[in-house]
Amino acid sequence: QVHLVESGGGLVQPGGSLRLSCVASGFTFSSYPMKWYRQAPGKERELLAHISTGGRSTNYAESVKGRFTISRDNAKNTVYLQMSSLKPEDTAVYYCRVLHALGVEYWGQGTQVTVSS
């Protein structure tokens, strides 16, 4: 059974930093690219970042480019999202996602990030 569990969210002041983690189980983590998304209240889910299987290739949404960094540790079955220079508009629930075999996608339960003074 595929499971994705995010953690690391919380309340942070504008300009602050957080590192989110997503621990995967139930599949061969190192064989699959991973993505981070977020969803703010009343808005559609937004793709933030993508990382290749080995971690060499990454892509970012314009809204987070230069502020967020996606990385992965295949030995720990974990993908990370390092977030810096956080803004109030970054407030959202953050999710990791994997597109598994046969086109089945799996999501974690999400972790809340609130940026507020």
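Residues numbered from 1 in each chain as written. Predicted model: local features only at pLDDT ≥ 70, side-chain atom pairs only at ≥ 80, totals over all residues. Heavy atoms only, no water.

Chemist: Explain the state of the cysteines to me, please; I cannot follow it from the model alone.
Modeler: Covalent bonding between the sulfur atoms of two cysteines is what defines a disulfide. Per the counting criterion, the structure on display carries 1 disulfide. Note that cysteine 22 is cross-linked by a disulfide to cysteine 96, the S-S spacing being 1.9 Å. Sign of the S-S torsion, about 60 degrees for the bond between cysteine 22 and cysteine 96, identifies this disulfide as right-handed. Placement of cysteine 22 in strand β3 (residues 18-25) and of cysteine 96 in strand β9 (residues 92-99) is noted, with a sequence separation of 74 residues between them. Like cysteine 22, the residue cysteine 96 is buried in the burial classification. (Disulfide = S-S within 2.5 Å. Helix = DSSP H or I, 4+ residues; strand = E, 2+ residues; numbered from the N terminus. Buried < 20%, exposed > 50% of the residue type's maximum accessible area, 1.4 Å probe, protein only.)

Chemist: Which parts of the structure should I look at to understand the side chain of aspartate 90?
Modeler: Along the chain, aspartate 90 turns up in the loop between β8 (78-83) and β9. Here the side chain of aspartate 90 touches lysine 87 through a polar contact of 2.7 Å, landing on its backbone nitrogen. Ignoring any residue separated from it by four or fewer positions in sequence, one finds aspartate 90 in contact with Arg38, Arg67, Phe68, Ser85, Val113 and Val115. (Polar contact = N/O pair within 3.5 Å; in protein donor to acceptor, adjacent residues only side chain to side chain. Contact = heavy atoms within 4.5 Å.)

Chemist: Would you mind going over the nonpolar core with me for this structure?
Modeler: As a rule of thumb, nonpolar side chains are buried together in soluble globular proteins. In this structure, Phe27, Trp36, Val79, Leu81, Met83 and Tyr94 are the most contacted members of the largest nonpolar core, which totals 30 residues. Of all elements in the fold, only β3, β4 (34-39), β5 (46-51), β7 (68-73), β8, β9 and β11 (111-115) reach the threshold of two or more residues within this core. The residues contacting methionine 83, other than those within four sequence positions of it, are Gly16, Ser17, Leu18, Leu20, Arg67, Phe68, Tyr94 and Val113. (Core = buried A, V, L, I, M, F, W, Y, C linked by side-chain atoms within 4.5 Å.)

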